[in-house]
Amino acid sequence: MSHAAPTHPVLDPALAPPFPQAALPVLRNPQLRKNVAHAIDVIQAKRARLVTEKTDWQELRTAASAMRAHVLENLGAYLTEFETKCTAAGGIVHWATDAAEARQIILDLLRKENASEVIKIKTMTSAEIQLNPFLEAAGIGTYETDLAEIILQLGGEEPSHIVVPALHVNRSQVREIFARRMGIKDLSDDPEALTAAARSYLRQKFLTVPTAISGANFLIAETGSVAIVESEGNGRMCLTLPRTMITLAGIEKVLPRYQDLEVMLQLLARSATGERMNPYTSLWTGVTPGDGPQRFHVVLLDNGRSSMLAREVERQTLKCIRCAACMNACPVYRQTGGHAYGSVYPGPIGAILTPQLMHMHHAQSLPYASSLCGACYEVCPVKINIPEVLLELRHQVVDQERKRAGRIFDPMYLGLRIANLIFSRAWLFHAAQRMARIGLRCFTRKDGWIHSLPSVGAKWTQTRDLRGLPSQTFHEWWAARRKEAR
Amino acid sequence: MRASLFITCYNDTLFPETGRAVVALLERLGVELSFHAGQTCCGQMHANTGFRGEAFSQAKRFVHLYRDAETVVIPSSSCVAMIRDQYPGLFDELGNESLRKEFAALLPRVYELSEFLIDRLAVEDVGAYFPHRVTYHASCHGLRALHLGDRPWRLMAQVRGMELVQLPNLDRCCGFGGTFSVKNGEVSSAMLAVKLQDVVSTKAEYCTALDNSCLMHLGGAMHLQYAGMKTIHLAQILASTEASPAEVTE
Amino acid sequence: MSASATSRQRILDSIAATTRPVAKAPAQLAEGYAALPRGYQRIGQLSAEACVERMIERLREYDAEVVESTPDQLPEAIATQLGSSGRHTFAAPVGLPAEWYAAGFNWKMDSSLETAEIEKAEGVVTAAFCGVADSGTIVLHHSAMEGRRVLSLLPDWHLCILLASQVVETLPEYFRRCPQPPALATFISGPSATADIEMTRIKGVHGPRFLHVILVHDEGDARPTPQ
C-alpha cells in the first residue's frame, strides 16, 4: 500500500552518535558537501538582498521577538483561548503530553475514519514524533506531498534541513530515486521534468485520499484559526480536498491575534527562502460549511516544551518560527549538513532545541557543535540569542558530567580544571608557562613550529601547525624593560 | 591618558610581539601604560566550554585587578566580548551586589584596542607605515559581539604604504571557536579550509585581525600548507613605522 | 475523564507552574499585548499610482502575467485573456458580475461543484479581496466573488481580477482592512513554485502553473490604458 521505502531510517536523538563522530561521513563526502554549500549559498544570497531592501527589518525583528516572548510568558492563557475559539468554529482540540500520546491520538482518529491512507503536508513536528513509521506499522500508508519530502520518502532518506529538507540530494540522485520508485523510464534530470513527475504522481492521491495531516506555522488565539505557509500548493490540496484534516502543532505555535501575522509573514519567507512572500499562505478556522474538510482536529503537542518555559534563557528557544535562517547562516552546518545533528531539527536551532526536548538526557554533544560565531543570532527573525542558550546548555552538560567519575580523567576536563587552578595565581601561571616552554621544546622543530602533538593536542596539529612558545613571554619582557629603565 | 594593559593569557604566552607592539603604539600616542603583574586569563575558555564556576573565579579576579584602572585596553576582541557579554550573567548568577556594582562601574572603561584608538583617543592616523599587501579578517567577536564596524577600516586606511585587499565572505567564521577547534576538530578544520581558500585568493602577504586566536588557527594552517602568507595582529601593523618596522615571526 | 482531558490539565498545569513568575493576570494580558513594540512600517509611503505600479512590478517578478484595464473595458479584457489562453472550459464562482462571464466559453459556475468537475476546468476566473504591493501578494477571503478555496486551486490557469482600489502598499495595511478577521484566507504570491531540487525555481507544482492578473484602474485612475 505504502510508497515509503522498506527500511526508512529515523533521526532519533536517543540513538544518534555524538556530533563530532556523526559529522565524519559528511566531511568525507565531497558531493554531499557541495550539494549543501550550493543550496545554502543560493538562499543566503537571496535573503541578504531582500533583507537589505526591507528598511524596517530591525523593527520587525524587535516586534516579532517581543511578541513571541509575550506569548510564551502567557502561553496558558493564549492556548486556552485558541482552544475555545477553535472549538466554537467546529474544530476538535486534543492535547498530547508526549510523542507517544500524539501518535496514538492521531492513529485513533484515523481508525475512526477507517483510513488506510493519509496525505501529509510537510511537518517537522510529525517527524519529531516519528509519526510515519508508527502509522506505517499500524497499516496506514503515509504519503508526503511536499516535493522534498517525496524525494526523501521514496529515497529512504532523512531530512537534513527544516525548510529545504532534501537540499543534500542533487538532481541526478532525485532522477534515480524517481525513476526507480515511480517506475518511469527515460526520466531526465531536469528539475522541471522531475517536478512534473511528482505532480502527476500525486495528483490522484490528492483527489482520492479522504484524510490529511498537517503541521501548523501559526495558531491564532483570537480566532482559533490555523495558518500554513508553503510554496507548492500541496498544502492547499491537503487543506481543501480531504473530508478530514488533522493538524499537529507544538504548543508554542500560538499568536495572540490575526493581525500579528503582519509581522510574522513579513519575516518568515524572507528569512526562510529569500522571497518577499512565499507563493501560498492558507488560513482556516475550524470547519467552513461547503469549503474544505468538514471534520477538523488539532493535536496540541507538549513533548518537552512546557518544561523549557521556566527560565528566560532557555525559553527563548520556543520563540522559533522554523525559518531555518540560522542553519543557512551557520558555518558549521555549511560543512556538516543536517544529518550530523541526529535530529529532525538540525543547525543552531537544533543544537539548542533537541537537547532540551530530550530533557538533557540525550544529544549532549549538540551544544558544542558551534564555534559561537554569532551568525545565527544575527539573522534570527525573532532574535533568539542562540549563542547564549548554547552556553547555558554547555554549562548544564558540564554539571551533569562532573558527577560522572570517569570524567575526572578525561584529558579535556582534566586540562580545564588544571588551567583554572593555574589561572587563579599569577605565579602559578608564570610557572606553567615556563614548564610548557620546556615541555614543548622537544616537539618544536628548527623552524620554531610544532608539527605534531600527542593526545588532545593531536586534534589541533593534524590540520594546523602550532607556533612554538617564544623564549620570552610578554610579562617577562615588560619586567625586563622596567628594570632597564630604572 | 593612563591605560592598563590586559594582554590576555594566550597573547602573553604565544604572541608577546603583539603586546610589545601595543606598548610601542600607545606610548607613541602619549598614553601612559601600566601592566598589572597579577593578570592571567579572562575566563573565556572555561565559560565557553561550560565551566561556569571556574569562569566566574577568573571574572572576579579581573574585576578586582582592574577596578581602579582609568581605562583597560585589551588587544583581543574575543576576550572583550567575554567581559561584555558573559560577565554580567556570571555575576548575576554567582556574584554578590558589591561585585556587580564594581563591574558595572568598570565596564565602560574596558576597551578593545581599535575601540580605544577611535573612541577614546579619537585618532585614526597613528603614523604607521607598512608597505605590504594585506587582507583583514574580521573576527566574529569583533564583528558581531563588539560591533567594531568601520573602526578597523578607518585605522587601516591611514597606514602608509599598505595595500588593503578585501577578503571574500568577510563575515564567515574561520572555525577556531576555542575548545571547538579540538572538541570538533574535523569540523573546525573543514571550516578552516574554506576560510583559507578565501584568504589565499587575496594573494596578500599578510592576513591581519584584531584577535590572535583566529590568526593562530589560520597561521597554523598556512604554515602547514606552505601557503606563503603570514599572519600579523593589527596592533603590529599600526605600531610599524619606517624607523621601526614590525617584528614578524617567520 | 478521557486521556486527552487529563493530558490537557497536565500540560496547562505544567505551563502554569513554569510561567508563574512571568505570566500576566487575565486582566493585564490585553495591556501587555497593547504595549508590544510596533516600530515597523505600518502605513505605506507611495502614492496610489506608484503603489499600483509596484504591485504590477512585483507580480511580474514572481512570473505572474499582468494586464491593465479600465472598469469599462474589463469584460473585453477578460474575454481577450480567456481567448489568448487557448483554453475553453473555465470555472468561476457564482457571485461574479454577469458581464465577466465572457461569451463563447464553456463556464462551470461553482457554488458546490464536485471536485472532479472543477478538475475538468482548464482555467478559473475570480475576484480578489486585496493586493499587497510590497510583496506582490493577492489575498482571497473566499467570498462569493472569490470562490471556494478549491476553485482557485485545481485549474491550471488562474485569472484574478484585482481593482486598483484594493491594492495597499504594505502587509499591515491589508490587516487594517480586516476589522473582522476572515474565517478563510489564502495569500497568493505568484504561481505555485518549488526550489526543492538544487534551489532551481520551478513554476507550477500542484497549484495553478499560470497566474494572470487584470489590474482594473477604478477610482478615477487617470493613466492611459494600454492597448
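Here's the deal with the side chain of Ser 77 of chain B
Residues and elements named next belong to chain B. With respect to the helices and strands, the residue Ser 77 is situated in helix 5 (residues 77-94). Note on Ser 77: relative accessible area 1%, which makes it buried. Within the local environment of Ser 77, its side chain forms a polar contact with the side chain of Asp 211, the two groups lying 3.2 Å apart. Every residue in contact with Ser 77, bar those within four places of it in the chain, is listed here: Glu 112, Ser 139, His 141, Gly 142, Leu 146, Leu 210 and Asp 211.

Brief notes about the domain arrangement of chain A
Often, the extent of an interface is quoted as the loss of accessible area on bringing the components together. All names here are of chain A. In terms of domain boundaries, chain A breaks down into domain 1 (19-306), domain 2 (324-407) and domain 3 (426-485). Taking only C-alpha atoms into account, the centre of domain 1 sits 22 Å from that of domain 2. The partner domain 2 presents 31 residues to the 38 residues of domain 1 that form the contact. Of the roughly 2900 Å² buried between domain 1 and domain 2 on both sides combined, carbon and sulfur atoms contribute 60%. Contact with domain 2 buries surface across domain 1, with Phe 19, Arg 61 and Ile 162 losing the most and accounting together for 25% of the total. Where domain 1 meets domain 2, there are 1 salt bridge. Notably, a salt bridge pairs Asp 41 with Arg 334, separated by 2.7 Å at the nearest N-O pair.

A word on helix 19 (residues 386-402) of chain A
Turn by turn, an α-helix covers 3.6 residues, leaving residues three or four places apart pointing in a common direction. Here helix 19 of chain A contains 17 residues, and its C-alpha end-to-end distance of 24 Å stays within 8% of the 24 Å for a straight helix at 1.5 Å per residue. Listed in full, the buried residues belonging to helix 19 of chain A are Ile 386, Pro 387, Val 389, Leu 390, Leu 391, Glu 392, Leu 393, Arg 394, His 395, Val 397, Val 398 and Glu 401 of chain A.

What about the sheet that holds strand 2 (residues 89-93) of chain C?
Backbone hydrogen bonds are what pair the strands of a sheet, in a parallel or an antiparallel way. Residues and elements named next belong to chain C. Taken together, 6 strands build an open sheet; the order of strands is 1-12-7-4-2-3 and the sheet is parallel. Whereas interior strands pair on both sides, the edge strands pair on one side only; in this sheet they are strand 1 (65-69) and strand 3 (106-110). Pairwise comparison of adjacent strand axes, ignoring direction, gives a mean angle of 20° for this sheet. Bridge analysis of strand 2 against strand 3 gives 5 bridges, and the strand direction is parallel. Paired with Phe 90 across the two strands is Trp 107, which belongs to strand 3. Contacts between helix 3 (residues 48-61) and the sheet are confined to strand 1, strand 7 (157-163) and strand 12 (210-216), with strand 1 contributing the most and set at about 150° to the helix. Relative to strand 7, helix 4 (residues 74-84) is tilted by about 160°, and along the sheet it contacts strand 1, strand 2, strand 3, strand 4 (123-127), strand 7 and strand 12.

Details of the layout of surface pockets
Taken as a whole, the second largest pocket holds about 970 Å³ of empty space. Taken together, 33 residues form the lining of the second largest pocket, with Asn 385, Glu 388 and Leu 391 of chain A together with Asp 85 and Gln 86 of chain B sitting closest to its centre. Counting only elements with at least two residues in the lining of the second largest pocket, the list comes to helix 18 (375-379) and helix 19 of chain A together with helix 3 (44-49), helix 5 and helix 8 (140-145) of chain B. No other element matches the 9 residues that helix 5 of chain B contributes to the lining of the second largest pocket.

Quick look at the packing of aromatic side chains
Counted according to the given criterion, the structure contains 31 aromatic pairs over all chains. Put simply, the rings of Phe 6, Phe 56, Phe 62, Tyr 66, Tyr 87, Phe 91 and Phe 103 of chain B touch in pairs and so form one group of aromatic residues. Note that Arg 236 of chain A overlies the ring of Tyr 280 of chain A, its terminal NZ or CZ placed 4.6 Å from the centroid.

Regarding the confidence of the model for chain A
Do not read the predicted coordinates in detail wherever pLDDT is low. On average, residues of chain A score 94 in pLDDT, and 97% of them are at 70 or above. pLDDT under 50 marks residues 1-9 of chain A. Its contacts with residues more than four places away, or in other chains, come to 27 contacts.

With respect to the sheet that holds strand 3 (residues 72-74) of chain B
Residue and element names in this part refer to chain B. The sheet built from 4 strands is open, its strands ordered 2-1-3-4 with parallel pairing. Taken across any chain shown, the strands that pair with only one partner, and hence form the sheet edges, are strand 2 (32-34) and strand 4 (110-112). For this sheet, the mean inter-axis angle between neighbouring strands, taken without regard to orientation, is 35°. Inspection of the sheet shows strand 1 (residues 2-5) paired to strand 3 by 2 bridges, in the parallel sense. Among the inter-strand pairings, Ser 4 is bridged to a residue of strand 3, identified as Val 72. Seen against the sheet, helix 2 (residues 16-28) touches strand 1, strand 2 and strand 3 and runs at an angle of roughly 150° to strand 2. Along the sheet face, helix 4 (residues 52-66) touches strand 1, strand 3 and strand 4 and points at about 130° away from the line of strand 3.

Quick look at empty space enclosed by the protein
Taken as a whole and judged by the stated rule, the model has 11 cavities of 30 Å³ or more. A volume near 700 Å³ is recorded for the largest cavity. Lining the largest cavity are 36 residues, and of these Lys 122, Ile 162, Val 163, Val 229 and Glu 230 of chain A lie nearest its centre. When contributions to the lining of the largest cavity are tallied by element, the ones reaching two or more residues are helix 7 (124-128), strand 6 (225-230) and helix 13 (261-272) of chain A together with strand 10 (193-194) of chain C.

Side note on the nonpolar core
Membership of the largest hydrophobic core comes to 168 residues, with the highest contact counts inside it found for Phe 178, Phe 218 and Tyr 258 of chain A together with Tyr 174 of chain C. The residues contacting Phe 218 of chain A, other than those within four sequence positions of it, are Ser 225, Val 226, Ala 227, Lys 253, Leu 255, Leu 261, Met 264, Leu 265, Leu 268 and Ile 321 of chain A. Grouped together as the second largest cluster of nonpolar side chains are 92 residues, Leu 5, Leu 99, Tyr 111 and Leu 218 of chain B included.

A few points about the environment of Ala 17 of chain C
Residues and elements named next belong to chain C. Its place among the elements puts Ala 17 in helix 1 (residues 3-19). Judged by its relative accessible area of 44%, Ala 17 is partly exposed. When the C-alpha positions of Ala 17 and Arg 209 are compared, they lie 50 Å apart, and in sequence the two are 192 residues distant.

Focus on the interface of chain B and chain A
Each partner contributes to the interface: chain B provides 66 residues, whereas chain A provides 61 residues. Summing both sides of the interface, chain B and chain A together bury roughly 5700 Å²; the carbon and sulfur share of this comes to 62%. Measuring nitrogen to oxygen at the nearest pair gives 2.9 Å for the salt bridge that ties Glu 392 of chain A to Arg 52 of chain B. Counting residues per element, the side of chain B that touches chain A draws most heavily on helix 11 (residues 185-201) of chain B, at 9 residues. Looking at the side of chain B that touches chain A, its residues break down into 27 nonpolar, 26 polar and 13 charged.

Considering the state of the cysteines
Going through the model one piece at a time under the given rule, you end up with 0 disulfides over all chains. The cysteine Cys 326 of chain A is free of any disulfide, with Cys 323 of chain A supplying the nearest cysteine sulfur at 6.4 Å. Just so you know, Cys 41 of chain B is unpaired, no disulfide at all, and the nearest cysteine sulfur is the one on Cys 9 of chain B, 3.8 Å from it. Residue classification places Cys 41 of chain B among the buried residues on the basis of a relative accessible area of 5%.

With respect to the arrangement of the chains
Out of 2 pairs of chains that touch, the pair holding the most contacts is chains A and C. If you take every C-alpha in chain B and every C-alpha in chain C, the smallest gap between them is 17 Å, and the two do not touch.

So, the domain arrangement of chain B
Residues and elements named next belong to chain B. Each assigned domain of chain B is listed with its residue range as follows: domain 1 (2-120) and domain 2 (133-239). Summarising the inter-unit geometry, the C-alpha centres of domain 1 and domain 2 are found 22 Å apart. Each partner contributes to the interface: domain 1 provides 29 residues, whereas domain 2 provides 22 residues. When domain 1 packs against domain 2, close to 2000 Å² is buried across both sides, 64% of that on carbon and sulfur atoms. Summed over the three residues of domain 1 that lose the most area to domain 2, namely Ser 77, Ser 114 and Ile 118, the buried surface amounts to 23% of that side. Where domain 1 meets domain 2, there are 1 salt bridge. Here Arg 151 makes a salt bridge to Asp 119, at a shortest N to O gap of 3.0 Å. At the boundary of domain 1 with domain 2, the tally comes to 12 residue pairs in polar contact (both at pLDDT 80 or more). If you list the elements that add at least two residues to the side of domain 1 that touches domain 2, you get helix 1 (9-14), helix 2, helix 3, helix 5 and helix 7 (113-120). With 7 residues, the top contributor of residues to the side of domain 1 that touches domain 2 is helix 2. Here the residues of the side of domain 1 that touches domain 2 sort into 14 nonpolar, 8 polar and 7 charged.

Things to note about the pattern of salt bridges
Applying the stated rule across the entire model yields 52 salt bridges over all chains. Where Arg 270 of chain A meets Asp 134 of chain C, a salt bridge forms, and the shortest distance between an N and an O atom there is 3.5 Å. Of this pair, Arg 270 of chain A sits in helix 13 while Asp 134 of chain C sits in the loop between strand 5 (130-132) and strand 6 (137-140), on two different chains. The same class applies to Arg 270 of chain A and to Asp 134 of chain C, which are both buried. A salt bridge links Arg 154 of chain B to Glu 124 of chain B, with the nearest nitrogen and oxygen atoms 2.8 Å apart. Placement of Arg 154 of chain B in helix 9 (residues 151-157) and of Glu 124 of chain B in the loop between helix 7 and strand 5 (133-136) is noted, with a sequence separation of 30 residues between them. When its relative accessible area of 30% is taken as the criterion, Arg 154 of chain B is described as partly exposed. When salt bridges that share partners are traced, they join Glu 53, Lys 54, Asp 56, Arg 270 and Arg 276 of chain A together with Glu 57, Arg 58, Glu 61 and Asp 134 of chain C into one network.

Analysis parameters
- Residues numbered from 1 in each chain as written.
- Chains lettered and ligands numbered in written order.
- Predicted model: local features only at pLDDT ≥ 70, side-chain atom pairs only at ≥ 80, totals over all residues.
- Heavy atoms only, no water.
- Helix = DSSP H or I, 4+ residues; strand = E, 2+ residues; numbered from the N terminus.
- Buried < 20%, exposed > 50% of the residue type's maximum accessible area, 1.4 Å probe, protein only.
- Polar contact = N/O pair within 3.5 Å; in protein donor to acceptor, adjacent residues only side chain to side chain.
- Contact = heavy atoms within 4.5 Å.
- Domains from an automatic or database assignment.
- Buried area = accessible area lost by both parts, 1.4 Å probe.
- Salt bridge = Lys/Arg side-chain N within 4 Å of Asp/Glu carboxyl O.
- Expected span 1.5 Å × (residues − 1).
- Pairing = 2+ DSSP bridges.
- Axes fitted to C-alpha atoms, helices over the stretch in contact; angles between N-to-C directions.
- 1 Å grid on protein atoms, 1.4 Å probe; cavity = no way out; pocket = protein on both sides within 12 Å on 5 of 7 lines; lining within 4 Å.
- Points joined across faces, edges and corners; volume = space filled by probe spheres on them.
- Phe/Tyr/Trp six-rings, centres within 6.5 Å; stacked < 30°, edge-to-face > 60°.
- Lys NZ or Arg CZ within 6 Å of the ring centre and 35° of its normal.
- pLDDT = per-residue confidence, 0-100.
- Core = buried A, V, L, I, M, F, W, Y, C linked by side-chain atoms within 4.5 Å.
- Nonpolar A, V, L, I, M, F, W, Y, C, P; charged D, E, K, R; others polar.
- Disulfide = S-S within 2.5 Å.

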